[in-house]
Amino acid sequence: MKQVPTQAPSEFDNMTSTKIQNKVGFIGAGNMAKAIGNGMLVSESVKAENIIISAPSDRNLAFWKEKGVRTTHDNAEVITFADIVFIAVKPQYFEGMIDGLKKASTLTVTKPMCFVSIMVGRTVKSVTEVLKTVPGILGEFEVIKVMPNTPSMVGMGCSVMVSDKNGAFTSVVRQIMELCGVCEDIPESLMNACGALSGSGPAYLYMVIEALADGGVKLGIPRDLSYRLAAQTMSGAGKMVMESGKHPGVLKDEVCSPGGSTITGVHELEKSGLRAGFMNALAAAANRSEQLG
Ligand SMILES: NC(=O)C1=CN([C@@H]2O[C@H](COP(=O)(O)OP(=O)(O)OC[C@H]3O[C@@H](n4cnc5c(N)ncnc54)[C@H](OP(=O)(O)O)[C@@H]3O)[C@@H](O)[C@H]2O)C=CC1
Ligand SMILES: O=C(O)[C@@H]1CCC=N1
């Protein structure tokens, strides 16, 4: 598929950089690790030499090597090097990853550490209990749960975080997430719901962009232009909700002239069950997160 060209300035251009001295590691080097790591690197808040990342294969490591980040296939090396370690593997692979750490004869750490779990479904308690079974992790550690999203890659991330307010690493982890966008504190009871909304949400909204663009193409708009118009319209509508202080229903009403074209389109969307579709999608995603935990 052709990439959608854009002239939009990066959100990173507006950021003031906060210097973070901690050594940060990632176990797992895929989409989400890249998105958070990119935020740290582009904002120049964490030096590349203070970051380490591991994955079993080389598939995703080239991206990091190019940026001067230390890479390894050994998860124990990440824990030995870093004091903040993001667990960025799929939840289904967590136990396998832990089994590897239990067997790692090179792993003996006594320093205070923080593990940031971004795994969908896994609770702070369950991650803490599993990490406690690793004999080489001998020091005190805290576990922070973060549910990020992939727009972190462009500084427009929306993360939620569950942490101990008095934890030694809480504020620096929040700072890291804020390098990639916004980060809200939530109670853990809302984690799967927030994951379904902001964690999974980009996928649903990309589908909306695709659908709007297809609608445009059907009406004769060239595809590239159609994607640009759809994406910018989505971005502008989000900004209006954030900045105007108006209820989204009021903003919708401002677009719908009486007897006009938009209300005619709104009627079709209501007939298609759009709102119920989104509500059902979020409920299904939250339910699946629960199962994965
Ligand atoms: N993608 C998203 O939008 C979001 C994802 N998340 C969470 O983030 C986590 C990662 O997801 P995502 O980045 O999309 O997944 P990816 O599949 O893109 O990446 C997973 C990474 O884990 C690596 N991996 C697999 N097994 C191990 C292991 N034993 N030790 C070390 N690394 C391992 C893979 O290695 P290799 O490179 O060799 O394949 C890969 O680099 C998941 O837990 C997910 O729930 C949370 C919010 C949003
Ligand atoms: O689909 C998933 O499992 C992950 C969690 C939130 C977004 N992606």
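Note that the structure is a prediction, hence the values are computed from the model and not measured.

What follows concerns the pairing of strand β7 (residues 157-162). Of all 6 residues in β7, 5 are buried, a share of seventy percent or more. Where strand β6 (residues 141-147) and β7 come together, 3 bridges link them in antiparallel fashion. When the bridges of β7 are listed, M147 appears paired with V160. With 5 bridges joining them, β7 and strand β8 (residues 181-185) adopt parallel strand pairing. Of the residues in β8, the one forming a bridge with S159 is C183. Handedness of the crossover is the feature at issue here: the chain leaves β7, passes through helix α6 (residues 170-178), returns alongside β8, and the resulting connection is right-handed.

Moving on to the packing of aromatic side chains. Applying the stated criterion across every chain yields a total of 4 aromatic pairs. A ring pair is formed by F26 and F86, whose centres lie 4.9 Å apart and whose planes are at 15°; its orientation type is stacked. With F26 in strand β1 (residues 24-27) and F86 in strand β4 (residues 84-87), this pair connects stretches of sequence that are 60 residues apart. Neither residue differs from the other here; F26 and F86 are each classed as buried.

Moving on: the side chain of K34. Structurally, K34 is set in helix α1 (residues 31-42). Buried and without a salt bridge, K34 has E66 as its closest oppositely charged side chain, separated by 9.8 Å. The residues contacting K34, other than those within four sequence positions of it, are A29, N60, F63, W64 and M153.

Turning our eyes to something else, we now look at the site of ligand 1. M32, S57, R59, N60 and V89 are the nearest of the 23 residues found near ligand 1. Here an oxygen atom of ligand 1 and a side-chain polar atom of N60 are 2.7 Å apart. V120 places a main-chain nitrogen or oxygen 3.1 Å from an oxygen atom of ligand 1. Coverage of ligand 1 by the protein chains reaches 83% of its 900 Å² of free accessible surface. Taken atom by atom, the bulk of ligand 1 overlaps the second largest pocket.

So, on to the nonpolar core. Ranked by internal contacts, the top residues of the largest apolar core, which has 35 residues, are F26, I36, I84, F86, V173 and I176. At the level of elements, β1, α1, β2 (51-54), β4, β5 (113-117), β6 and α6 are the ones that each hand at least two residues to this core. Of all the elements, α1 adds the most residues to this core, at 6 residues. Here F86 is in contact with V24, G25, F26, I27, I36, V116, I118, I176 and M177, once residues within four sequence places are set aside. Counting 34 residues, the second largest nonpolar core, distinct from the first, contains M97, M113, V127 and M147.

So, about the UniProt feature "binding site: NADP(+)" (unreviewed entry) in the protein chain. The positions that UniProt labels "binding site: NADP(+)" (unreviewed entry) are, in the present scheme, I27, G28, A29, G30, N31, M32, A88, V89, K90 and P91. In summary, the annotated positions, though distributed over 65 residues, converge in three dimensions, the widest C-alpha pair being only 14.3 Å. None of the other annotated residues line the second largest pocket; only I27, G28, A29, G30, N31, M32, A88, V89, K90 and P91 do. Residue placement: N31 occurs in helix α1. According to the relative accessible area criterion, N31 is exposed, its value standing at 63%. Locating A88 in the fold gives a position in the loop between β4 and α4 (94-103).

Okay, the domain arrangement of the protein chain next. By a frequent convention, interface size equals the accessible area lost on bringing the separate parts together. The domain architecture assigned to the protein chain consists of domain 1 (11-189) and domain 2 (201-292). Domain 1 and domain 2 are separated by 33 Å when their C-alpha centres are compared. In this assembly, 8 residues from domain 1 lie in contact with 4 residues from domain 2. Counting the surface lost from both domain 1 and domain 2, the interface buries some 480 Å², and carbon and sulfur atoms represent 62% of this. Considering only the side of domain 1, the residues that lose the most area to domain 2 are Q92, V120 and G121, jointly responsible for 51% of the buried surface there. The tally of links from domain 1 across to domain 2 stands at 0 salt bridges.

Each value, and the rule that gives it
Residues numbered from 1 in each chain as written. Chains lettered and ligands numbered in written order. Predicted model: local features only at pLDDT ≥ 70, side-chain atom pairs only at ≥ 80, totals over all residues. Heavy atoms only, no water. Buried < 20%, exposed > 50% of the residue type's maximum accessible area, 1.4 Å probe, protein only. Helix = DSSP H or I, 4+ residues; strand = E, 2+ residues; numbered from the N terminus. Pairing = 2+ DSSP bridges. Right-handed = clockwise from strand over helix to strand, strands pointing away. Phe/Tyr/Trp six-rings, centres within 6.5 Å; stacked < 30°, edge-to-face > 60°. Lys, Arg positive; Asp, Glu negative; His and termini not counted. Salt bridge = Lys/Arg side-chain N within 4 Å of Asp/Glu carboxyl O. Contact = heavy atoms within 4.5 Å. Near = heavy atom within 4 Å. Polar contact = N/O pair within 3.5 Å; in protein donor to acceptor, adjacent residues only side chain to side chain. Areas by Shrake-Rupley, 256 points an atom, 1.4 Å probe, with all protein chains shown as cover. 1 Å grid on protein atoms, 1.4 Å probe; cavity = no way out; pocket = protein on both sides within 12 Å on 5 of 7 lines; lining within 4 Å. Sits in = over half its atoms within 2 Å of the grid points. Core = buried A, V, L, I, M, F, W, Y, C linked by side-chain atoms within 4.5 Å. UniProt positions renumbered as here; feature names shortened; annotations may be inferred. Domains from an automatic or database assignment. Buried area = accessible area lost by both parts, 1.4 Å probe.

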